[in-house]
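This is what each chain is made of:
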Amino acid sequence: MRITESTVTKLVIDQLEALDPITVIAEDLEPRKGKITVSCYGKSWTAYWGGMGSDSIAQFFCSCDPAYIIGYFAPNLSSTKFSGVALSKLARREVVKQRRRWDIDSNEARQLFDEADTLAEYETLEAVYHCHQESMTLIFGDEWWHGLHEATEPNSDYEYLSRIIKAVQQALATTIDKTAA
């Protein structure tokens, strides 16, 4: 039987502006190896690093950019997400461009412009694809879905997790300062 001891730090961070209480469990498994679990409002994120540049997980976590940590905590979480409102604006601009170039007449422009207004209601690109494929092709071309990288808005879930990570970094930094003193 093998028994291994590790150093665990548990923090509860509360009284944060616009954030629920955060629980942090940071475990130093051995020098330059550690894992951390962060929980807030029923959600948890965890990551393990087996080759940290710092001796402790707290030091390492504090030295990292929040975007890097989000990549470990939630690899599929993007800083932006699809926006029907942004797509609607993009489509209206494209219709105006086509009209100015005389590619479409005023009746077609009016019809496409009105169609573009309805795009603001959609929350996913898949829904737009199923309901407006013909008009999207007329506005943006045959492979219209490839050129919609501008039809996004900031992802509130990403921003929320980033704020949590920054709060954890601040709290861990104070514990590091206390142990150094």
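**Student:** Help me understand the packing of helix 3 (residues 84-100) against helix 4 (residues 106-118), please; the structure alone is not making it clear to me.
**Tutor:** Packed helix pairs are characterised by how far apart their axes lie and by the angle those axes make with each other. The N-to-C vectors of helix 3 and helix 4 enclose an angle of 175 degrees; their axes lie 8 Å apart at closest approach. On the basis of the axis angle, helix 3 is roughly antiparallel to helix 4. Contacts from Ser-88, Ala-91, Arg-92, Val-95, Val-96, Gln-98 and Arg-99 of helix 3 reach helix 4 at Ser-106, Ala-109, Leu-112, Phe-113, Ala-116 and Asp-117. Residue composition of the contact of helix 3 with helix 4, by class: 7 nonpolar, 3 polar and 3 charged.

**Student:** It is not clear to me how helix 5 (residues 125-140) should be interpreted in this structure. Could you clarify?
**Tutor:** For an α-helix, the turn length of 3.6 residues means that residues three or four places apart are oriented alike. Relative to the 22 Å expected for 16 residues at 1.5 Å per residue, helix 5 spans just 14 Å between its end C-alpha atoms, considerably shorter than the ideal helical length. Roughly 95 degrees is the biggest bend found in helix 5, and it falls at His-132. Among all positions of helix 5, only Val-128, His-132, Ser-135, Met-136 and Ile-139 are buried. Where helix 5 is buried, its residues touch strand 5 (80-82), helix 3 and helix 4. The positive-phi residue at the C-terminal boundary of helix 5 is Gly-141, with phi of around 105 degrees.

**Student:** Looking at this structure, how should I read the sheet that holds strand 1 (residues 7-13)?
**Tutor:** Across a sheet, paired strands are connected by hydrogen bonds in the backbone, their directions being either parallel or antiparallel. Taking strand neighbours across the sheet as the criterion, the 4 strands line up as 1-2-3-4 in an open arrangement whose pairing is antiparallel. Strands with a single pairing partner mark the edges of an open sheet, and in this sheet they are strand 1 and strand 4 (43-49). Within the sheet, the average angular offset between the axes of one strand and its neighbour, ignoring direction, is 10 degrees. Note: strand 2 (residues 22-30) against strand 3 (residues 33-40), 8 bridges, orientation antiparallel.

**Student:** Would you mind showing me how to read the state of the cysteines here?
**Tutor:** In protein structure, a disulfide is the covalent linkage between the sulfur atoms of two cysteines. Scanning the entire structure with this criterion turns up 0 disulfides. No disulfide involves Cys-40; its sulfur sits 17 Å from that of Cys-62, the nearest cysteine. Cys-40 gets classed as buried once you look at its relative accessible area, which sits at 3%.

**Student:** I tried to follow the side chain of Ser-56 on my own but got confused; where do I start?
**Tutor:** If you trace the backbone, Ser-56 turns up in the loop between strand 4 and helix 1 (57-63). Exposure remark for Ser-56: the relative accessible area of 16% places this residue in the buried category. Engagement of the side chain of Ser-56 in a polar contact is seen with the backbone nitrogen of Gln-59, the distance being 3.0 Å.

**Student:** Please clarify how the pattern of salt bridges should be interpreted in this entry.
**Tutor:** One side chain can pair with another of opposite charge once the charged atoms of both are near each other. All told, the structure shown has 8 salt bridges when counted by the stated rule. With a closest N to O distance of 3.8 Å, Lys-35 and Glu-27 form a salt bridge. Judged by relative accessible area, Lys-35 falls into the partly exposed class, the value being 36%. Note that Asp-114 is salt-bridged to Arg-110, the shortest N-O span being 2.9 Å. Here the residue Asp-114 and the residue Arg-110 both occupy positions in helix 4, the gap between them amounting to 4 residues, near one helical turn. Since its relative accessible area comes to 48%, Arg-110 is described here as partly exposed. Several salt bridges converge on common partners, so that one network encompasses Glu-94, Arg-101 and Asp-103.

Quick notes on the rules
Residues numbered from 1 in each chain as written. Predicted model: local features only at pLDDT ≥ 70, side-chain atom pairs only at ≥ 80, totals over all residues. Heavy atoms only, no water. Axes fitted to C-alpha atoms, helices over the stretch in contact; angles between N-to-C directions. Helix = DSSP H or I, 4+ residues; strand = E, 2+ residues; numbered from the N terminus. Parallel < 35°, antiparallel > 145°, perpendicular 65-115°, else oblique. Contact = heavy atoms within 4.5 Å. Nonpolar A, V, L, I, M, F, W, Y, C, P; charged D, E, K, R; others polar. Expected span 1.5 Å × (residues − 1). Bend = angle between axes of the 7 residues up to and from the residue. Buried < 20%, exposed > 50% of the residue type's maximum accessible area, 1.4 Å probe, protein only. Pairing = 2+ DSSP bridges. Disulfide = S-S within 2.5 Å. Polar contact = N/O pair within 3.5 Å; in protein donor to acceptor, adjacent residues only side chain to side chain. Salt bridge = Lys/Arg side-chain N within 4 Å of Asp/Glu carboxyl O.

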